[in-house]
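The lines below spell out each chain.
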Amino acid sequence: MQGVLQGFAVVIILIGIGFFTARYMPRHREAIAKGLTPLIYYITNPALMFILLSGTDLHAVVGVFTPIALITAMVTGGVFAPLAKVFFKTPLQRIPAGAMATSYVNAGNIGVPLALYAVGSTTPVVSVLAAQLLIIAPLYMCLFALVSRHDGANDSTPLGRTILKSVANPVTIATFIGALFSWFSFKLPEVLHSPRANARRLFHPVAAHGIRHVAVRAEALGG
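Residues numbered from 1 in each chain as written. Predicted model: local features only at pLDDT ≥ 70, side-chain atom pairs only at ≥ 80, totals over all residues. Heavy atoms only, no water.

**Student:** Which parts of the structure should I look at to understand the packing of helix α3 (residues 58-86) against helix α4 (residues 95-103)?
**Tutor:** Any two packed helices are characterised by the angle at which their axes cross and by the distance between the axes. In the contact formed by α3 and α4, the axes pass within 8 Å of each other and the chain directions differ by 140 degrees. Overall, the two elements α3 and α4 adopt an arrangement that is oblique. As for the relative orientation of α3 and α4, their crossing is right-handed in sense. For the pair α3 and α4, the contacting residues are Ala-73, Thr-76, Gly-77, Phe-80, Ala-81 and Lys-85 in the first and Ile-95, Gly-98, Ala-99, Thr-102 and Ser-103 in the second. Here the residues of the contact of α3 with α4 sort into 5 nonpolar, 5 polar and 1 charged. (Axes fitted to C-alpha atoms, helices over the stretch in contact; angles between N-to-C directions. Helix = DSSP H or I, 4+ residues; strand = E, 2+ residues; numbered from the N terminus. Parallel < 35°, antiparallel > 145°, perpendicular 65-115°, else oblique. Left-handed = near helix turned anticlockwise from the far one by under 90°. Contact = heavy atoms within 4.5 Å. Nonpolar A, V, L, I, M, F, W, Y, C, P; charged D, E, K, R; others polar.)

Structure follows, in structure tokens:
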């Protein structure tokens, strides 16, 4: 229990720092937010995924935890879709996004620190991340591309290229490469591994800081 509370405390403190700087440094708020978003998307998040996947025994994860994560995602998304259509009259083009939201969990931002403090290992979280980033997200991205075409969006790009463009993002690519390194027991030379590990350590403080910045900026725009 103490480990869980420590994990939440770390995340809450970092979000609090982001709230303070966004609230009381308004002149710098937008510049900070614009700087954090590409840093998270292109550098720290891919580095985190690569280090987590490459440093985990993927054979053990795939055999036990990942099937559970996939089944859970399928059940929650599968329950949402007919309920949204029948009872809430949700337009068809919005159902994939809603199903993805119900079947996705915040395993990266919240799950990793909580797992480290609570059970001392990121292995259960890695199984969820692997399922989400390598299987669930690409499937939903394909659905989004198909729905967009069905709605008659003015896009002459071939469907295959649209799907590839959606799937081939930095996080998914880094996760896939990390999974290959783990599966085939590849190791990066220390001179390459250390910078990636340091970039990975930036992810949680920067992401938590950014979450609060986005929330405060949205509040300011709404007000």
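**Student:** What should I look at first to understand unusual backbone geometry in this one?
**Tutor:** Glycine aside, a negative phi is what most residues show, and trans is what most peptide bonds show. Its identity as a non-glycine residue notwithstanding, Lys-89 has a phi of 50 degrees, on the positive side. With respect to the element layout, Lys-89 can be found in the loop between α3 and α4. Located in the positive-phi region is Ser-185, a residue other than glycine, with phi close to 55 degrees. Since its relative accessible area comes to 56%, Ser-185 is described here as exposed. (Buried < 20%, exposed > 50% of the residue type's maximum accessible area, 1.4 Å probe, protein only.)

**Student:** Looking at this model, I keep getting lost on a nonpolar patch on the surface. Mind explaining?
**Tutor:** Together, Val-62, Ile-173, Phe-176, Ile-177, Leu-180, Trp-183, Phe-184 and Phe-186 make up an exposed nonpolar region whose accessible area comes to about 720 Å². Looking at the nonpolar patch element by element, the count peaks at 5 residues for helix α8 (residues 170-183). Mapping Ile-177 onto the fold places it in helix α8. (Patch = residues over 30% accessible without salt bridge, like charges linked within 9 Å, V, L, I, M, F, W, Y side chains within 5 Å. Areas by Shrake-Rupley, 256 points an atom, 1.4 Å probe, with all protein chains shown as cover. Salt bridge = Lys/Arg side-chain N within 4 Å of Asp/Glu carboxyl O.)

**Student:** I'm lost on α8 in this one. Help?
**Tutor:** Owing to its 3.6 residues per turn, the α-helix brings residues three or four apart onto one side. In this model, α8 (14 residues) spans 20 Å end to end at C-alpha, consistent with the 20 Å of a helix rising 1.5 Å per residue. The distance from a side-chain oxygen at the start of α8 to the backbone nitrogen of Val-171 is 3.2 Å, and the residue carrying that oxygen is Asn-169. The positive-phi residue at the C-terminal boundary of α8 is Ser-185, with phi of around 55 degrees. (Expected span 1.5 Å × (residues − 1). Polar contact = N/O pair within 3.5 Å; in protein donor to acceptor, adjacent residues only side chain to side chain.)

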